[in-house]
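Take a look at the letters that make up each chain.
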Amino acid sequence: MADDEPTRAARLLDAQARAERLFAEMERRGLVAPGEGERAVSDRVRDLANELFGTTRHWHKRIVRSGPNTLEPYRENPPDRLIGTDDIVFADFGPIFEEYEADFGRTFVLGDDPVKRRLRDDLPEIFAAGKRFFEADPDITGKRLYTEVRRLTAEAGWELGGWHAGHLVGEFPHERIDGADTESYIAPANDTPLRRTDKAGRNCHWILEIHLIDRQREFGGFYEELLTL
């Protein structure tokens, strides 16, 4: 039997809280460090999720990217790269906790580069502004929120790195919530309201993701978590 809406919301929030703890522990243990390969770090985070929570499944590919690889959108698969001493790194993981998906992304700066630090610090600010914009408009569409995120990004002096700014999330696998790709993303072509129910009558829940890039300096950063809860 499917969970009721309060239970669904609580379990999505619990999944995110576990992902947040995973990232905090990853940072505490210094897994993102100079001289480490991206794939090796990704594997260590995978093993850490298993150690902490018994998690063995992730609903999307595990991503750790550094330096110029941080310019690449999700669908690309850049070659493995060693993390440098004055580098920027982001991690994007989708662990499954008790059949509910988390989707969590954060950016780490190694060294003192002021532009990399500014980008890292701008990520949560743009996320928060995007979330406030969403909360202020009960009928907001994917297109309208994407347009605002792009405006906020340009205002901060960056460029968006992907074709969308978020997607549906829920019980694994979330792709079954809505088969229409356009309507499953916070994207320019999505004119449907984000606050709606799926074909099974369940509330749609969304991830907001911010991928900022500086094409000239050849680096970017990433930040994502739940938008609707």
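Residues numbered from 1 in each chain as written. Predicted model: local features only at pLDDT ≥ 70, side-chain atom pairs only at ≥ 80, totals over all residues. Heavy atoms only, no water.

**Let's talk about the overall build of the protein**
Here comes step 1: Of the regular secondary structure elements, the protein holds four helices and nine strands.
Here comes step 2: What you see in the protein, going N to C, is helices and strands ordered as α-α-β-β-β-β-β-α-α-β-β-β-β.
Here comes step 3: Taking 229 residues into account, the globule formula puts the C-alpha radius of gyration at 17 Å, and the protein, at 17 Å, falls close to it.
Here comes step 4: Across its three principal axes, the protein shows a C-alpha extent of roughly 50 × 40 × 25 Å.
Here comes step 5: When each of the 229 residues of the protein is scored for burial, the buried share is 53%.
Here comes step 6: Put simply, 63% of the contacts in the protein that link residues at least 6 apart link residues at least 24 apart.
Here comes step 7: Taken as a whole, the protein presents about 10,700 Å² of accessible surface, with 47% of it coming from carbon and sulfur.
Here comes step 8: Taking the average place of the 33 positive charges on the side chains of the protein and the average place of its 45 negative ones, the gap between the two points comes to 1 Å. (Helix = DSSP H or I, 4+ residues; strand = E, 2+ residues; numbered from the N terminus. Rg over C-alpha atoms; globule rule 2.2 N^0.38 Å. Buried < 20%, exposed > 50% of the residue type's maximum accessible area, 1.4 Å probe, protein only. Contact = heavy atoms within 4.5 Å. Areas by Shrake-Rupley, 256 points an atom, 1.4 Å probe, with all protein chains shown as cover. Lys, Arg positive; Asp, Glu negative; His and termini not counted. Charge placed at Lys NZ, Arg CZ, Asp CG, Glu CD.)

**Focus: the nonpolar core**
Here comes step 1: Among the nonpolar cores identified, the biggest contains 28 residues, and Leu145, Ile186, Leu208 and Ile210 are the most heavily contacted of them.
Here comes step 2: Those elements that place two or more of their residues in this core are α3 (114-135), α4 (142-155), β8 (205-214) and β9 (219-226).
Here comes step 3: Counting residues per element, this core draws most heavily on α3, which supplies seven residues.
Here comes step 4: With residues near it in sequence (within four places) discarded, Ile210 still touches Leu123, Ile126, Phe127, Val149, Gly221, Phe222 and Tyr223.
Here comes step 5: Ranked by size, the runner-up nonpolar core spans 27 residues in total, among them Ala15, Met26, Ala102 and Leu110. (Core = buried A, V, L, I, M, F, W, Y, C linked by side-chain atoms within 4.5 Å.)

**Some words on the side chain of Thr70**
Here comes step 1: Along the polypeptide, Thr70 turns up in the loop between β1 (63-66) and β2 (88-93).
Here comes step 2: Judged by its relative accessible area of 0%, Thr70 is buried.
Here comes step 3: Among the polar contacts made by the side chain of Thr70, one reaches the main-chain carbonyl oxygen of Gly67 at a distance of 2.5 Å. (Polar contact = N/O pair within 3.5 Å; in protein donor to acceptor, adjacent residues only side chain to side chain.)

**With respect to the pattern of salt bridges**
Here comes step 1: Tallying each qualifying case throughout the model produces 24 salt bridges.
Here comes step 2: Between Arg57 and Glu99 there is a salt bridge, and its shortest N-O distance comes to 2.4 Å. Residue Arg57 is located in the loop between α2 (38-53) and β1, and its partner Glu99 is located in the loop between β3 (96-97) and β4 (100-101); the two are separated by 42 residues in the primary sequence.
Here comes step 3: Relative accessible area serves as the criterion here: at 36%, Arg57 is assigned to the partly exposed category.
Here comes step 4: Judged by relative accessible area, Glu99 falls into the partly exposed class, the value being 38%.
Here comes step 5: Residue Arg202 pairs with Asp198 through a salt bridge whose shortest N-O separation is 3.0 Å.
Here comes step 6: When salt bridges with common partners are traced through the structure, they connect Asp3, Arg11, Asp14, Arg18 and Glu98 into a single cluster. (Salt bridge = Lys/Arg side-chain N within 4 Å of Asp/Glu carboxyl O.)

**Here we look at the side chain of Glu209**
Here comes step 1: Turning to its location among the elements, Glu209 is positioned in strand β8.
Here comes step 2: For the buried Glu209, which has no salt bridge, the nearest side chain bearing the opposite charge is Arg65, at an N-O separation of 9.3 Å.
Here comes step 3: Contacts of Glu209, omitting those with residues within four sequence positions, involve His164, Ala165, Gly166, His167, Phe222, Tyr223 and Glu224.

**A short note on the packing of helix α1 (residues 5-28) against α2**
Here comes step 1: As a packed pair, α1 and α2 sit with axes 10 Å apart at the nearest point and diverge in direction by 120°. With respect to their mutual orientation, α1 and α2 come out oblique. Remark: the crossing between α1 and α2 carries right-handed chirality. Residues Arg18, Arg21, Leu22, Glu25 and Met26 of α1 touch α2, and the partners they reach there are Val45, Leu48, Ala49, Leu52 and Phe53.
Here comes step 2: For the contact of α1 with α2, a count of residues per class yields seven nonpolar, no polar and three charged. (Axes fitted to C-alpha atoms, helices over the stretch in contact; angles between N-to-C directions. Parallel < 35°, antiparallel > 145°, perpendicular 65-115°, else oblique. Left-handed = near helix turned anticlockwise from the far one by under 90°. Nonpolar A, V, L, I, M, F, W, Y, C, P; charged D, E, K, R; others polar.)

**Details of the environment of Ile210**
Here comes step 1: Within the secondary structure, Ile210 is located in strand β8.
Here comes step 2: On the accessibility criterion, Ile210 (0% relative accessible area) is buried.
Here comes step 3: Along the backbone, Ile210 and Asp47 are 163 residues apart, and their C-alpha atoms lie at a distance of 26 Å.

**A word on the confidence of the model for the protein**
Here comes step 1: In the predicted model, the protein carries a mean pLDDT of 92, and the fraction of residues at 70 or more is 95%.
Here comes step 2: When the criterion is pLDDT under 50, residues 175-179 qualifies, and its contacts beyond four places in sequence or with other chains add up to 12 contacts. (pLDDT = per-residue confidence, 0-100.)

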